[in-house]
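Inside the fold
If you want the building blocks of each chain, they are given just below.
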Amino acid sequence: MARIIDGKKIALSIRQELKNDVAELEQQKQVVPGLAVVLVGLDPASQVYVRMKKKACAEVGITSFSHELSSETSEVELLKLIDQLNQDPMVHGILVQLPLPSQIDESKIIEAISPAKDVDGFHPYSAGQLMTGGPGFWPCTPWGVMELLRVEGVDPKGKSAVVIGRSNIVGKPVAMMLLAAHATVTICHSRTPDLAAVVRQADIVVAAVGRPRMVKGDWIKEGATVIDVGTNRLDDGSLCGDVDFVAASERAAAISPSPGGVGPMTIAMLVKNTIVSAKKSCGLA
Ligand code: NDP
């Protein structure tokens, strides 16, 4: 039976460490990290995510500045707000909750955020830095995946890693991070023939698809580590991951559940990026 990778517990211990960092920063430099959280519209899932992020910030002592805008907000209005937040010295990180309403071009908004405050790590500059191995903010979910591996003592070096999904926010960046950690990486997607056969070769599987329990237990190599990024809502309202957790647990050496795996890590890494940005603003990082 696989060891369960408890993302909730790992994220909690990270947040506890970060709380000390915030206290130290305030003591040494009288700087309180600030995160601007921008929500446009009333998407219920986005409202839940934003609430969770603000709660996590409050717990560690980060100030969050909430901007809840109507679903009618224009692109120009949102760009104006981003510009103000870019200039605001109290704001060290800017989070624009996605998705945005259709009248707003998401890529324009992401590109308007100053890379110095891009704590979500979605700006093309941050993506380029990740690709070329330079300094910059790493996107939170893929970084959370890497932290789970690190804390669990799973070193990707020399291992075969298969990432299922090639989105800009999860699949591609996590593949880059695994590559930087010296894994041999294969990225799969909806056009990959015989996905099962590819996954069966993997020492590390990262599933980021968005299809409930698509990855079957018998796709998993004996002794592999499985990280399930998928968060899927079922008809009965419950959540499940992209991996058939029960069956995969019989073969994997370690597996992260969903919920309770990557989700809490995403928020912890957002908090961490915001603190790093605040430290950088006063020359401490
Ligand atoms: P996207 O929809 O942007 O990407 C999904 C990827 O899965 C695409 O690359 C797609 O391929 C691929 N895919 C779809 N169907 C198949 C298939 N049958 N076989 C192989 N590959 C397939 O999703 P995201 O990357 O944004 O999110 C993925 C999952 O992770 C979702 O469940 C999401 O909710 C979750 N998530 C969780 C987060 C957390 O904090 N825990 C944060 C972000 C996401 P193609 O490119 O060919 O279309």
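What comes next is a walk through the structure. Keep in mind that what you see is a predicted model, and the values were worked out from it rather than measured.

A word on helix 6 (residues 140-151). Across its 12 residues, helix 6 extends 16 Å between first and last C-alpha, which sits within 8% of the 16 Å expected from 1.5 Å per residue. Of all 12 residues in helix 6, 10 are buried, a share of seventy percent or more. Three or more residues of helix 6 are buried, namely Cys140, Thr141, Pro142, Trp143, Gly144, Val145, Met146, Glu147, Leu148 and Leu149. Packing partners of the buried residues in helix 6 comprise helix 1 (7-29), helix 7 (171-180), strand 7 (204-207), strand 8 (225-228) and helix 10 (262-281). Taken from the residues just after helix 6, Gly153 is the one with a positive phi, measuring 75°.

This paragraph deals with the packing of helix 6 against helix 7. Following both chains from N to C, one finds helix 6 and helix 7 inclined at 40°, their axes separated by 8 Å at the closest point. Between helix 6 and helix 7, the crossing angle belongs to the class labelled oblique. Remark: the crossing between helix 6 and helix 7 carries right-handed chirality. Contacts between helix 6 and helix 7 involve Pro142, Trp143, Val145, Met146 and Leu149 from the former and Pro173, Val174, Met177 and Leu178 from the latter. Residues of the contact of helix 6 with helix 7, tallied by class, amount to 9 nonpolar, no polar and no charged.

Moving on, we get to the state of the cysteines. On inspection of all chains with the given rule, the structure shows 0 disulfides. You can see Cys240 has no disulfide; the closest cysteine sulfur is in Cys188, sitting 20 Å from it. Of the residues examined, Cys240 reaches a relative accessible area of 3% and is grouped as buried.

On to the site of the ligand, then. The environment of the ligand is formed by 22 residues, the closest being Arg166, Ser167, Ser190, Arg211 and Thr266. Residue Arg166 places a side-chain N or O atom 2.7 Å away from an oxygen atom belonging to the ligand. Measuring from an oxygen atom of the ligand, one finds a side-chain N or O atom of Thr266 at 2.8 Å. Computed on the free molecule, the ligand has an accessible area of 920 Å², of which 70% lies beneath the protein chains in the complex.

On to the sheet that holds strand 1 (residues 3-4), then. Strands sit in the order 1-11-8-7-5-6 across an open sheet of 6 strands; the sheet is parallel. At either end of the open sheet lies a strand with only one pairing partner, and these are strand 1 and strand 6 (184-188). Pairing of strand 5 (residues 160-164) with strand 7, which is carried by 4 bridges, proceeds in the parallel orientation. The partner of Ile164 across the bridge, within strand 7, is Ala207. Packed onto the sheet, helix 6 meets strand 7 and strand 8 and runs at close to 150° relative to strand 8. Across the sheet, helix 7 lies against strand 5, strand 6 and strand 7, angled at about 170° from strand 5, the strand it touches most.

Next up on the list: the nonpolar core. In this structure, Leu35, Ile62, Leu178, Val206 and Ile227 are the most contacted members of the largest nonpolar core, which totals 47 residues. Top contributing element to this core by residue count: helix 10, with 8 residues. Core analysis: the second largest hydrophobic core is formed by 19 residues, Ala2, Val215, Val226 and Ala248 among them.

Turning our attention to the pattern of salt bridges. The tally for this structure, following the rule as stated, stands at 9 salt bridges. Two residues, Lys55 and Glu59, come together in a salt bridge whose shortest N-O distance is 3.6 Å. Linking Lys55 with Glu59, this pair stays in helix 2 (residues 44-60), spanning 4 residues, or about one helical turn. According to the relative accessible area criterion, Lys55 is exposed, its value standing at 55%. Residue Glu59 is classed as partly exposed on the basis of its relative accessible area of 37%. When the shortest N-O distance is used, the salt bridge between Arg150 and Glu147 registers 2.8 Å. Of this pair, Arg150 and Glu147 both sit in helix 6, separated by 3 residues, roughly a single helical turn. Shared partners join several salt bridges into a network, and the residues in it are Arg15, Lys55 and Glu59.

Where nonpolar side chains cluster on the molecular surface, the patch consists of Val48, Tyr49 and Met52 and spans about 260 Å² of accessible area. Among the structural elements, Val48 can be located in helix 2. When its relative accessible area of 37% is taken as the criterion, Val48 is described as partly exposed.

Structurally, Gly171 is set in helix 7. Not counting the four nearest positions on each side in its chain, Gly171 is found in contact with Val163, Gly165 and Arg166.

Conventions adopted
Residues numbered from 1 in each chain as written. Predicted model: local features only at pLDDT ≥ 70, side-chain atom pairs only at ≥ 80, totals over all residues. Heavy atoms only, no water. Helix = DSSP H or I, 4+ residues; strand = E, 2+ residues; numbered from the N terminus. Expected span 1.5 Å × (residues − 1). Buried < 20%, exposed > 50% of the residue type's maximum accessible area, 1.4 Å probe, protein only. Contact = heavy atoms within 4.5 Å. Axes fitted to C-alpha atoms, helices over the stretch in contact; angles between N-to-C directions. Parallel < 35°, antiparallel > 145°, perpendicular 65-115°, else oblique. Left-handed = near helix turned anticlockwise from the far one by under 90°. Nonpolar A, V, L, I, M, F, W, Y, C, P; charged D, E, K, R; others polar. Disulfide = S-S within 2.5 Å. Near = heavy atom within 4 Å. Polar contact = N/O pair within 3.5 Å; in protein donor to acceptor, adjacent residues only side chain to side chain. Areas by Shrake-Rupley, 256 points an atom, 1.4 Å probe, with all protein chains shown as cover. Pairing = 2+ DSSP bridges. Core = buried A, V, L, I, M, F, W, Y, C linked by side-chain atoms within 4.5 Å. Salt bridge = Lys/Arg side-chain N within 4 Å of Asp/Glu carboxyl O. Patch = residues over 30% accessible without salt bridge, like charges linked within 9 Å, V, L, I, M, F, W, Y side chains within 5 Å.

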